[in-house]
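Here is how the chains run, residue by residue.
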Amino acid sequence: MALGKGGDETTAIDAAAEAAVVTLLERLHASGVEFTLVSEELGERSFGADSIRIVLDPIDGSMNAKRGIPFFSVSIAVADGAAMRDVFFGYVFDFGTREEWTARRDEGAFLNGEPLDGLGPKEEVEMLSFEATTTELVAGQIADMVGFADRTRIMGSLALSLCHLAAGRVDAVCSLKPARSVDIAAAQLLVRERGLTIDLPDAAPFGEAPLDLIGRSRVVAAASPDRCAELFGRLSASG
């Protein structure tokens, strides 16, 4: 099994999804639009300009997709610069529920075209979502979450877990290994447009995180900066 440019194993479904999206992007470029693609499988590819970046993960949750578990997504972010703060549009599509999550910088977050304006995540964490996990990583951290979160879920798509945080379906999200921009660039905009907190505490500040394929930090996200700091503190205790 080959490795994608992002370092993950490339499955047939990853490659097929990427090929379909890249075909669309090539058509977009042929119409006169110039941009740079940052892609999970293909790496960084210039389509004429670096001022606009499209950050793509064609299948976030590819192991779920491969095994027939309906919790995986396509994640696309568009930025007018090379850092996380420059993302102005985020799009995540859930292939299982068919839910369409979008965000526009300074305009809000949306689910199926409707504003996400209901109750958000709880400050006191009832539901914590672990992502980017192996059994070994979970075993090394789960005991540290006792007293922080009542319940834990491991769903298998970081992009979708962040979307669920924005909708208040879970109360905190953390990855147990460094996250890359392709994993979070689209969904983080939903989180921030909802007034919630997301951080890359191993490589702060968040807004300056490069839109590239290097994983520099674990990600934590929750209702407030204090809750994120507590979550990271618990991760650091064993990490």
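Note on numbering: residues in each chain are counted from 1, in written sequence order. The model is predicted, so local features are restricted to residues of pLDDT at least 70 and side-chain atom pairs to those at 80 or more, both for listing and for counting; the totals for chains, interfaces and linings are taken over all residues. Side-chain numbers here rest on the full set of heavy atoms in the structure, without hydrogens or water.

**A short note on the sheet that holds strand β11 (residues 197-199)**
Sheet strands associate in pairs through backbone hydrogen bonding, adopting either a parallel or an antiparallel arrangement. At least two DSSP bridges between two strands are needed for those strands to be called paired. In DSSP terms, a helix is any run of H or I states spanning at least four residues, a strand is any run of E spanning at least two, and both are numbered starting from the N terminus. Judged by pairing direction, the sheet is mixed, and its 5 strands sit side by side in the order β9-β8-β10-β12-β11 without closing on themselves. Lying at the two open borders of the sheet, with one neighbouring strand each, are β9 (151-154) and β11. In this sheet, neighbouring strand axes are inclined to one another by 15 degrees on average, regardless of whether the strands run parallel or antiparallel. Where β11 lies against strand β12 (residues 220-222), 3 bridges are found, and the strand directions are antiparallel. Looking at β12, one finds that Ile198 is bridged to Ala221. Axis lines are fitted to C-alpha atoms, over the contacting stretch for helices. Their N-to-C directions set the angle, which ranges from 0 to 180 degrees.

**Some points on the pattern of salt bridges**
Should a side-chain nitrogen of Lys or Arg be within 4 Å of a carboxyl oxygen of Asp or Glu, the pair is scored as a salt bridge. In total, this model carries 12 salt bridges according to the counting rule given. The salt bridge involving Glu99 is made with Arg169; its shortest N-O contact spans 2.9 Å. In this pair, Glu99 sits in the loop between β4 (87-94) and β5 (100-104) while Arg169 sits in the loop between α4 (158-166) and β10 (172-175), placing the two residues 70 residues apart along the sequence. For each residue, the accessible area found with a 1.4 Å probe, counting protein chains only, is set against the maximum for its type, and the residue is called buried under 20%, exposed over 50%, and partly exposed in between. Judged by its relative accessible area of 38%, Arg169 falls in the partly exposed class.

**Notes on the packing of α4 against helix α5 (residues 181-193)**
Between two packed helices, the angle of one axis relative to the other and the distance separating the axes together describe the packing. At a closest axis distance of 8 Å, the pairing of α4 and α5 adopts a crossing angle of 0 degrees. In terms of orientation, α4 lies roughly parallel with respect to α5. Judged by residue contacts, Leu158, Ala159, Leu162, Cys163, Leu165 and Ala166 of α4 engage Asp183, Ile184, Ala187, Leu190 and Val191 from α5. Considered class by class, the residues forming the contact of α4 with α5 number 10 nonpolar, no polar and 1 charged. Orientation categories follow fixed angle ranges, with anything under 35 degrees roughly parallel, anything over 145 roughly antiparallel, 65 to 115 roughly perpendicular, and all other angles oblique. In what follows, a contact means two residues having at least one pair of non-hydrogen atoms within 4.5 Å. Residues are grouped as follows: nonpolar covers Ala, Val, Leu, Ile, Met, Phe, Trp, Tyr, Cys and Pro; charged covers Asp, Glu, Lys and Arg; every other residue, Gly included, is treated as polar.

**Re α5**
An ideal rise of 1.5 Å per residue puts 18 Å on 13 residues; α5 measures up with 17 Å between its terminal C-alpha atoms. Note on bend: at a given residue it equals the angle between the axes fitted to the 7 residues ending there and to the 7 starting there. For α5, the principal kink sits at Ala187 and spans about 35 degrees. By the criterion of burial, α5 is predominantly enclosed, with 11 of the 13 residues buried. Among all positions in α5, only Ser181, Val182, Asp183, Ile184, Ala185, Ala186, Ala187, Gln188, Leu189, Leu190 and Val191 are buried. Downstream of α5 by one or two residues, Gly195 has phi in the positive range, about 75 degrees. One fewer than the residue count of a helix, multiplied by 1.5 Å, yields its expected span.

**Some words on the pairing of strand β3 (residues 73-79)**
For β3, the buried fraction is high: 6 of the 7 residues fall into the buried class. Here strand β2 (residues 43-60) pairs with β3 via 6 bridges, running antiparallel. When the sheet's bridge partners are listed, Arg53 is paired in β3 with Ala79. Bridging between β3 and β4 involves 7 bridges; their strand directions are antiparallel.

**What to know about the pairing of β5**
In this structure, β4 lies alongside β5, joined through 5 bridges in antiparallel fashion. Across the sheet, residue Phe89 finds its bridge partner in β5, namely Arg104. Where β4 hands over to β5, the hairpin turn is made up of 5 residues, of which Arg98 adopts a positive phi near 65 degrees. For β5 and strand β6 (residues 108-111), the ladder comprises 4 bridges, and the chain directions are antiparallel. Counterpart to Trp101 in the pairing with β6 is Leu111. Hairpin connection of β5 to β6: 3 residues between the antiparallel strands, including Asp106 at a positive phi of 65 degrees.

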